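# Fold and geometry: a report
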Amino acid sequence: QGGGKCTYANGGIYDGGWKQDLRHGVGKMRFPDASEYEGGWERGLMHGNGTLVNQIGSFHGIWVDNRMCGEGRYATLLCSMLYRFSSARSCVYIS
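Residues numbered from 1 in each chain as written. Predicted model: local features only at pLDDT ≥ 70, side-chain atom pairs only at ≥ 80, totals over all residues. Heavy atoms only, no water.

### Considering the overall build of the protein chain
Cut-off, in case you're wondering: Put simply, DSSP marks the helices as runs of H or I at least four residues long and the strands as runs of E at least two long, and each gets a number from the N terminus on. Burial here depends on accessible area, computed with a 1.4 Å probe over protein chains only, as a share of the maximum for the residue type. Under 20% is buried, over 50% is exposed, and the range in between is partly exposed. The contact rule is simple, with two residues in contact once any of their heavy atoms fall within 4.5 Å.
When its secondary structure is counted, the protein chain shows zero helices and nine strands. Mapped in sequence order, the helices and strands of the protein chain form the string β-β-β-β-β-β-β-β-β. Relative to its 95 residues, the protein chain shows a buried fraction of 29%. Partitioning the intrachain contacts of the protein chain with sequence separation of at least 6 by distance along the chain shows that 8% fall at a separation of at least 24.

### Structural notes on the pattern of salt bridges
When the charged atoms of two side chains with opposite charge come close together, those side chains can pair. Note the threshold: By salt bridge we mean one thing: a side-chain nitrogen of Lys or Arg within 4 Å of a carboxyl oxygen of Asp or Glu.
Going through the model one piece at a time under the given rule, you end up with four salt bridges. Here Arg 43 makes a salt bridge to Glu 42, at a shortest N to O gap of 2.4 Å. For Arg 43, a relative accessible area of 45% corresponds to the partly exposed category.

Set out below in structure tokens:
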């Protein structure tokens, strides 16, 4: 438990909370494709309030097990939209 920084072999970098050697609590992850997620983590997965920014745009809202869920705001250079995912089946998985 605690906090710290980890650089992965694939180039990803995580800085934040840890629990049982998994990302947990609050932290920031820069993925190999240069996208970044900052927010809540649970059991190594994006979970809770967080923001993902990538080449296309950004999503700020609720995450459950690496999926955008609940209510959030999706924004691109062209538009900004409020999204609400009503069930786990309609949540969007982010690999």
